[in-house]
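Spelled out, the chains give:
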Amino acid sequence: MEITLNNGLKMPIIGLGVWRMEKEEIRDLIINAIKIGYRHLDCAAHYKNEAEVGEALTEAFTTGLVKREDLFITNKLWSSDHGHVIEACKDSLKKLQLDYLDLFLVHLPVATKHTGVGTTDSTLGDDGVLDIDTTISLETTWHDMEKLVSMGLVRSIGLSNYDVFLTRDCLAYSKIKPAVNQIETHPYFQRDSLVKFCQKHGICVTAHTPLGGATANAEWFGSVSCLDDPVLKDVAEKYKKTVAQVVLRWGIQRNTVVIPKTSKPARLEENFQVFDFELSKEDMEVIKSMDRKYRTHQTAKFWGIDLYG
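Residues numbered from 1 in each chain as written. Predicted model: local features only at pLDDT ≥ 70, side-chain atom pairs only at ≥ 80, totals over all residues. Heavy atoms only, no water.

The protein is annotated in an unreviewed UniProt entry as NADP-dependent oxidoreductase domain superfamily from Arabidopsis suecica.

Visitor: Could you give me a rundown of the packing of aromatic side chains, with the residues and numbers involved?
Guide: This structure, assessed with the given rule, holds 4 aromatic pairs. Ring geometry for Tyr38 and Phe272: centres 4.7 Å apart, planes at 45 degrees, overall tilted. Separated by 234 residues along the polypeptide, Tyr38 in the loop between helix H1 (23-36) and strand S4 (40-42) and Phe272 in helix H10 (residues 265-272) bring together distant segments of the chain. Phe272 shares its class with Tyr38; the two are buried. Considering the side-chain rings of Phe272 and Phe275, the 5.9 Å spacing of their centres and the 75 degrees angle between planes classify their relative orientation as edge-to-face. Its relative accessible area of 16% is what places Phe272 among the buried residues. Its end group placed over the ring of Tyr308, Arg295 keeps NZ or CZ at 3.6 Å from the ring centre. (Phe/Tyr/Trp six-rings, centres within 6.5 Å; stacked < 30°, edge-to-face > 60°. Helix = DSSP H or I, 4+ residues; strand = E, 2+ residues; numbered from the N terminus. Buried < 20%, exposed > 50% of the residue type's maximum accessible area, 1.4 Å probe, protein only. Lys NZ or Arg CZ within 6 Å of the ring centre and 35° of its normal.)

Visitor: Describe the pairing of strand S6 (residues 103-106), naming the residues involved and giving the relevant values.
Guide: Covered by surrounding structure in S6 are Leu103 and Leu105 together with Phe104 and Val106, the residues of both alternating faces. In terms of strand pairing, strand S5 (residues 72-77) meets S6 through 4 bridges, oriented parallel. Within the sheet, the bridge partner assigned to Leu77 lies in S6 and is Val106. Regarding topology, helix H4 (residues 138-150) serves as the crossover connection from S6 to the parallel strand S7 (residues 157-160), and that connection is right-handed. (Pairing = 2+ DSSP bridges. Right-handed = clockwise from strand over helix to strand, strands pointing away.)

Visitor: How would you explain the pairing of strand S8 (residues 180-184) if you had to name every residue and give the values?
Guide: Where burial is concerned, most of S8 is hidden: 5 out of the 5 residues are buried. As paired strands, S7 and S8 are joined by 2 bridges and run parallel to one another. Considered in S8, the bridge of Ser160 is made with Gln182. What joins S7 to S8 is helix H5 (residues 164-173), and the crossover it makes is right-handed. In the sheet, S8 pairs with strand S9 (residues 204-208) via 5 bridges, with the strands oriented parallel. Bridge pairing in S9 places Val180 opposite Cys204. Crossover connection from S8 via helix H6 (residues 192-200) to parallel S9: handedness right-handed.

Written out as structure tokens, the structure reads:
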């Protein structure tokens, strides 16, 4: 299944996120994912594993496992490179061993202290708070993103972690409209207003953390995962599916792209088996009623400031 973006290009509705994948595991996970049927990979410079992803992709292409044009590859501009958009994109392409990206996103709507192209460091000031660069506007960054399209380095550009206000502003100043807004959204953090706003204005919503973070975010942020919710367990039992499959299917039926991350081979296959059933309208409403407005990504834990505050 695919979603057609506002520029006519098609984006697979399920992808594999590579955040927090161990470098030594990446090759096998990506190769296995492609064999299972995944055709969408979600990457980022800040994940610090582009080189390993690039090696796996090169192997997949050279062995004939898949053609480049059959994959949809997303990457992201880190905040410390807002003033160096073109150089950062070229650096990512070199590490990924690619000629172009299908989608390039502004990872966060904030510029931070530049630490060298591609280093993606997050510098803290003497006060322990993230060193934010107030001289670079998001509009300037976006116009540099637009240049990448005309240069042929990327096919689509988009946003990540933008709220309604910032997304609206981008629509106003953009020459090339954002194709995607990638946000945290799951049953405990549904963000229905933001999803509706984006979709109304032709912006595809991609759900990062579509399973609510599970173990990974519990370890980092001490957050609670929706996968343990008894209501979801009851729904999953009804369909003879896992809770994760039900949650991913819920995201798909909202017309959002889902990019679950896993380092377990069995989960790779499980997460992809979401096209042989459909949640009823009643069960979609049950899950809708579970919203807690609960964000699992807590930036203050590492940066001394809540960027969403």
